[in-house]
Amino acid sequence: MQFHERNTGEQIMNVKVRFFARFRELLGTELIVEVAERMTLPDLIKQITQKNIEGHQAIFDEHGHFREYVIVMRNARRVDLADAEKNIVADGDDIAVFPPVAGG
Amino acid sequence: MIAIQTEDVDIGDLITAAKKHGTGAVVVFDGIVRDDDITEMELEAYEDVATPELEKIAGDATERFNLLHVDIIHRIGRLSVGENILIIIVSAGHREEAYGGSRFIIEAIKAGVPIWKKELTKNGGRWVPGEHGHGSGEPRQSLH
């Protein structure tokens, strides 16, 4: 794990965020994002999507909540989006955001 | 063989290899790109999660249906009409187990393995909607 420090002494963490399928087309495949300490998972995704209206609206509803069909995995484990606000991202996290699966 | 790959496979070779000692039935499921007025189909997977999920499903099916052999090959990339998408081969002592195991595997894949399909048409493309829920269902046990 690598922590960087800004002049303020605030620790900065690196988090990998991946999008798949329609979300990938709108937002890109993979991002390495620098985040400040104590950032929640929803805030992280909002930060990434804030300049991409179509991508943001695909993932969040008008109240800023994850849309009902969105699936988020953190380090290969599915996140319960009802409790997403309790998820504080950590350095080295691998976040995946995707729409319902359709394999087979 | 459990794999997510671009290459096709020789189903005949897989059937031969599936005939383990005690086999009385082999069931082959071959999902194919259907001609729904499309030019091609594009598939992508979250492989870091999808491959372990397929291995878990194969293990669950083996235990539940006394399978003697399981192959699951899910292809990704661009596929033309008529090409194989998903090949599931199971062998068991009896047909009930083989049919049951094969059905269990395909339904589990459709329910929760992170793979997506996009139908490419002359006018662009459309993502195939999932059959199972909209992210509100119970996650598979192995994801916890």
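Above this note sits the structure.
Below is a short write-up of the structure.

### With respect to the sheet that holds strand 1 (residues 2–5) of chain B
Residues and elements named next belong to chain B.
Then comes step 1: Taken together, four strands build an open sheet; the order of strands is 1-4-6-2 and the sheet is mixed. Each of the sheet's edge strands pairs with one partner strand only, and the pair in question is strand 1 and strand 2 (25–32). Each adjacent strand pair in this sheet contributes to an overall mean axis angle of 10 degrees, direction not counted.
Then comes step 2: As defined by bridge partners, strand 1 adjoins strand 4 (residues 69–75) across four bridges and the pair is classed as parallel. Of the residues in strand 4, the one forming a bridge with Ala3 is Ile73.
Then comes step 3: Each of strand 2, strand 4 and strand 6 (84–92) is contacted by helix 1 (residues 11–18), which is oriented at about 20 degrees to strand 6, the strand it contacts most.
Then comes step 4: Sheet strands touched by helix 2 (residues 47–65): strand 1 and strand 4. Its angle to strand 1, the strand with the most contacts, is close to 150 degrees.

### What to know about the packing of helix 2 of chain B against helix 3 (residues 95–112) of chain B
Residue and element names in this part refer to chain B.
Then comes step 1: Closest axis-to-axis distance for the helix 2/helix 3 pair is 9 Å, and the angle between their directions is 150 degrees. When the interaxial angle is binned, helix 2 and helix 3 end up roughly antiparallel. When you trace helix 2 past helix 3, the crossing you get is right-handed. Contacts between helix 2 and helix 3 pair Glu53, Leu54, Ile57, Asp60, Ala61, Arg64 and Phe65 from the former with Glu97, Gly100, Gly101, Phe104, Ile105, Ala108, Ile109 and Gly112 from the latter.
Then comes step 2: When its residues are assigned to classes, the contact of helix 2 with helix 3 shows eight nonpolar, three polar and four charged.

### Here we look at the pattern of salt bridges
Then comes step 1: Under the counting rule described, the total for this entry stands at 15 salt bridges over all chains.
Then comes step 2: A:Arg24 serves as the salt-bridge partner of B:Glu44, at 2.5 Å between the closest nitrogen and oxygen. One end of the pair, B:Glu44, is in strand 3 (residues 40–45); the other, A:Arg24, is in helix 1 (residues 22–27), on a second chain.
Then comes step 3: A:Arg24 gets classed as partly exposed once you look at its relative accessible area, which sits at 22%.
Then comes step 4: Across the salt bridge formed by B:Glu119 and B:Arg126, the nearest N and O atoms sit 2.6 Å from each other.
Then comes step 5: Given a relative accessible area of 39%, B:Arg126 falls into the partly exposed group.

### What to know about the nonpolar core
Side chains of nonpolar character tend, in soluble globular proteins, to be buried together.
Then comes step 1: Within the largest apolar cluster, 32 residues are counted, with the highest numbers of intra-cluster contacts made by B:Ile72, B:Ile88, B:Val90, B:Ile105 and B:Ile109.
Then comes step 2: Contributions of two or more residues to this core are made by strand 2, strand 3, helix 2, strand 4, strand 6 and helix 3 of chain B.
Then comes step 3: Apart from the residues within four sequence positions on either side, B:Ile88 is in contact with B:Val27, B:Val28, B:Phe29, B:Asp71, B:Ile72, B:Ser102, B:Ile105, B:Ile106 and B:Ile109.
Then comes step 4: Membership of the second largest hydrophobic core comes to 24 residues, among which are A:Phe19, A:Phe23, A:Met39 and A:Ala84.

### So, the packing of aromatic side chains
Then comes step 1: For the structure shown, the criterion picks out seven aromatic pairs over all chains.
Then comes step 2: Taking 6.2 Å as the distance between ring centres and 80 degrees as the angle between the ring planes, the aromatic pair formed by A:Phe20 and A:Phe98 counts as edge-to-face. Residue A:Phe20 is found in the loop between strand 2 (11–19) and helix 1, and its partner A:Phe98 is found in strand 6 (residues 94–98); the two are separated by 78 residues along the sequence. Grouping residues by exposure puts A:Phe20 and A:Phe98 together as buried.
Then comes step 3: Arranged with centres 5.8 Å apart and planes meeting at 55 degrees, the rings of B:Phe65 and B:Phe104 form a pair that is tilted.

About the cut-offs
Residues numbered from 1 in each chain as written. Chains lettered and ligands numbered in written order. Predicted model: local features only at pLDDT ≥ 70, side-chain atom pairs only at ≥ 80, totals over all residues. Heavy atoms only, no water. Pairing = 2+ DSSP bridges. Helix = DSSP H or I, 4+ residues; strand = E, 2+ residues; numbered from the N terminus. Axes fitted to C-alpha atoms, helices over the stretch in contact; angles between N-to-C directions. Contact = heavy atoms within 4.5 Å. Parallel < 35°, antiparallel > 145°, perpendicular 65-115°, else oblique. Left-handed = near helix turned anticlockwise from the far one by under 90°. Nonpolar A, V, L, I, M, F, W, Y, C, P; charged D, E, K, R; others polar. Salt bridge = Lys/Arg side-chain N within 4 Å of Asp/Glu carboxyl O. Buried < 20%, exposed > 50% of the residue type's maximum accessible area, 1.4 Å probe, protein only. Core = buried A, V, L, I, M, F, W, Y, C linked by side-chain atoms within 4.5 Å. Phe/Tyr/Trp six-rings, centres within 6.5 Å; stacked < 30°, edge-to-face > 60°.

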